[in-house]
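# Notes for the structure review
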Amino acid sequence: MFMPTLREVPSEAEIPSHQLMLRAGMMRKAMSGVYSYLPLGYRVIRKVEQIVREEMDRQGGQELLFPAIQPADIWKLTGRWEDYGGEMFRLKDRGGRELCLGPTHEELATITLRDETRSYRQLPKLVYQIQTKFRDEIRPRFGVMRAREFIMKDMYSFDRDDEGCEVSYRKMYEAYRRAFDRMGLHYIVVEAESGAIGGTHNHEFMVVSDVGEAGIVFCEACGYAASEERADAAAVPEPESAPSLAADRSHARTIATPDVRTIDDLIGFLGVSPRQMVKTMVFVADGEPVAALIRGDRDVNEVKLRRALGCASLELAAPEVIEEVTGAPVGFAGPIGLKQAITIIADPEVLHVVDGVIGANAADAHIVGVRYGVDFTAHRVEDIRIVVAGDECPRCGTPLKGARGIEVGHLFKLGTKYSSRLDARYLDEAGQERSVIMGSYGIGITRCVAAIIEEYHDADGIIWPMSVAPYHVIVLPLNTTDEQQLKVAESLHSELEKLGVEVVLDDRDERPGVKFKDADLIGFPVKVTVGARGLAQCRVEVGLRRGGQTTMVGLDEAATYVSELVRSELALLSKL
Ligand code: ATP
Ligand code: MG
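What counts, and where the lines are drawn
Sequence positions are assigned chain by chain, starting from 1 and proceeding in written order. Whichever chain is written first is A, and whichever ligand is written first is 1; the rest continue in order. Local features in this predicted model are restricted to residues of pLDDT 70 or higher, and side-chain atom pairs are both shown and tallied only at a pLDDT of 80 or more, whereas totals for entire chains, interfaces and linings draw on every residue. Heavy atoms from the whole structure form the basis of all side-chain values; hydrogens and water molecules are not counted. Distances are taken per atom, and a residue is near a molecule or strand as soon as one of its heavy atoms is within 4 Å of it. Definition of a polar contact: a pair of N or O atoms within 3.5 Å, with one able to donate and the other able to accept a hydrogen when the atoms are protein atoms, and with sequence-neighbouring residues admitted only if both atoms are side-chain atoms. Only the protein chains shown count as cover for residues, and all accessible areas are computed by the Shrake-Rupley method using a 1.4 Å probe. Strand pairing is defined by DSSP finding a minimum of two bridges between the two strands. The helix and strand labels rest on DSSP assignments: H or I over at least four residues marks a helix, E over at least two residues marks a strand, and numbering proceeds from the N terminus. Comment: axis = line fitted to C-alpha atoms, over the contacting stretch for helices; angle = value between 0 and 180 degrees taken between N-to-C directions. Exposed residues in this analysis have more than 50% of their type's maximum accessible area, buried residues have under 20%, and partly exposed residues fall in between, with area computed by a 1.4 Å probe over protein chains only. Throughout, a contact is declared for two residues whenever any of their heavy atoms are within 4.5 Å. In the sections that follow, a salt bridge refers to a side-chain nitrogen of Lys or Arg positioned within 4 Å of a carboxyl oxygen of Asp or Glu.

## Describing the site of ligand 1
Residues in contact with ligand 1 amount to 14 residues; listed here are only the nearest, E137, R146, A147, E407 and H410. Within the contact set of ligand 1, an oxygen atom lies 2.9 Å away from a side-chain nitrogen or oxygen of R135. Side-chain polar atom of E137 to a nitrogen atom of ligand 1: 2.8 Å apart, as the coordinates give it. In isolation ligand 1 has 580 Å² of accessible area, and contact with the protein removes 81% of it.

Listed below in structure tokens is the structure:
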């Protein structure tokens, strides 16, 4: 067998799953973010794929396979040839035609179905593939968790109308729930985008884990859960009415703040709390500068800001732009006395800041004692802040909890985004031409493998759930030079195989300690140890990787005992 295990922890691997996939001989690095899957690793990948495949099929999905290499022109029609930016691997054929290695397949799926769909009678359709994807990630890391070449399941749904799409979406939601349950994963389903038009269009399945890259907030009281960057903020009550505010006397005065560059400097210098500060952040939205006001202890959520402004592109303004807009160096922007008349958008919390501090739009100067409505205003007031743990739940007001999550799956309602740009239409019952309503649904197969290991490991190695273990059982003769031990082990191995158990025989001439270490590292759920002492009583030892319990079992019943053990574990996972 080709299962090259490592004793040492490879220095490049920071998280347990990455370390263990290398140490257990599951994979080897080919280059940054690109891996060869070795036999043990590939067996696990195929098991995860098979679980996903069965759940897709259960919901009426049909498997197909699109090419990994794609023409540029379809991406140009949807505008994604530009939008995808540096993450797309691009190449040219010998004739100079532009191509890419597919990072995803919405375009290809849409035109493929379009060319064969005329009538409402041909809808709905659910097609999916399990395929290698290519994304030139800025920061590939954590092994297959964020790779540049990885395996994804991507499903595309095609429906007549929104109601149909809702049905497809629910089917996929159910398929995901079942698939991840069968893998033994524990997850939170989060709203990834609560649409401005109402309803939820986008869910992510997150495996809760300290190594997760995504922040999640969730409410234990009402079940609300969302990714940190997309979570809605709880409504902030309106402050006192405007007339009484206007009657308020202004206490504003400009003070010198030399050598004060950061918010922390300023807090120290003035002896104020971050909640008294109003940060003015200059962004460029579709080429136009805008100012966003946010409380000093908060951060701007660029996704929300983009949505509030209705712009396609949004980025932090470059220093030159900030200087032009404010007439001051970076670090002193404020809503009063900007050099250019630009749109100012304020987060609702800013309206409650009393005795506030803002930049003075002049070098080394701030204005203190300010208040919204008295000293400054904004053109618009909208939720543009990042919600964090401890904030109130937007639904029920309970303080939100925070966690980190690994995004293993994504459900997306696409509406007519692709069908309209790629002319995927059909004739409805009234003979009217309509755009197909689409959804897209991804599961990171290889990322799932890493997520499973994150959830199931200890200091000695991986502890595979039975459903995804590379093999169910290892038969381990302690001394292979002892002919009786070897014979018993070999016959147990073949008996188990006959019973349909996936079993490995460790007949290497190695010390028992080495074999035990490898068995624990690779994480076979069941280990059958054949040793001289047991055999003297016609018994072998059956041990479980999870929990470590061992039982002595008589030779004649050992095979049935083990196969029952395996079967009951598998049944448990498939019943979920
Ligand atoms: P992320 O936010 O992690 O970059 P994404 O939103 O780009 O993910 P999708 O385009 O929705 O991901 O892809 C579907 C699934 O593919 C994800 O849920 C994830 O499980 C997996 N995936 C995405 N990018 C990678 C990657 N670089 N390496 C491994 N798996 C990935
Ligand atoms: Mg991504």
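On we go.
## A short note on the sheet that holds strand β18 (residues 356–359)
Sheets are built from strands paired through backbone hydrogen bonds, the pairs being either parallel or antiparallel. Taken in spatial order, the three strands line up as β13-β19-β18 in an open sheet, and their pairing is antiparallel. Strands at the two margins of the open sheet, each flanked by one partner only, are β13 (253–256) and β18. Going across the sheet, the axis of each strand differs from the next one's by a mean of 35°, ignoring polarity. As defined by bridge partners, β18 adjoins strand β19 (residues 365–370) across four bridges and the pair is classed as antiparallel. Of the residues in β19, the one forming a bridge with V357 is V368.

## Let's talk about the side chain of T257
Along the chain, the position of T257 falls in the loop between β13 and α8 (263–270). Judged by relative accessible area, which is 0%, T257 ranks as buried.

## Re the sheet that holds strand β29 (residues 526–530)
Taking strand neighbours across the sheet as the criterion, the five strands line up as β28-β27-β29-β30-β31 in an open arrangement whose pairing is mixed. A strand with exactly one partner marks an edge of an open sheet, and here the two such strands are β28 (503–505) and β31 (550–554). When strand polarity is set aside, the average angle formed by the axes of neighbouring strands in this sheet is 25°. Of the strand pairs in this sheet, strand β30 (residues 539–544) and β31 are connected by five bridges, and their pairing is antiparallel.

## Side note on the side chain of S157
Here S157 lies in strand β8 (residues 149–159). A residue is classified by how much of its surface remains accessible, and S157, at 0% relative accessible area, is buried. Side-chain polar atoms of S157 contact the side chain of Y441, separated by 2.7 Å. Ignoring any residue separated from it by four or fewer positions in sequence, one finds S157 in contact with K125, L126, S168, I437, M438, G439 and Y441.

## Quick look at the pattern of salt bridges
The full count for this structure, using the stated rule, is 42 salt bridges. The residue E106 makes a salt bridge to R80 at a minimum N-O spacing of 2.9 Å. Of the two residues, E106 sits in helix α5 (residues 106–114) while R80 sits in helix α4 (residues 80–83), which places them 26 residues apart along the sequence. Each member of the pair, E106 together with R80, is buried. E213 is the partner of R146 in a salt bridge, and the nearest nitrogen-oxygen pair spans 2.9 Å. One end of the pair, R146, is in the loop between β7 (125–134) and β8; the other, E213, is in the loop between β10 (202–208) and β11 (214–218), and 67 residues separate them in sequence. For E213, a relative accessible area of 31% puts it in the partly exposed group.

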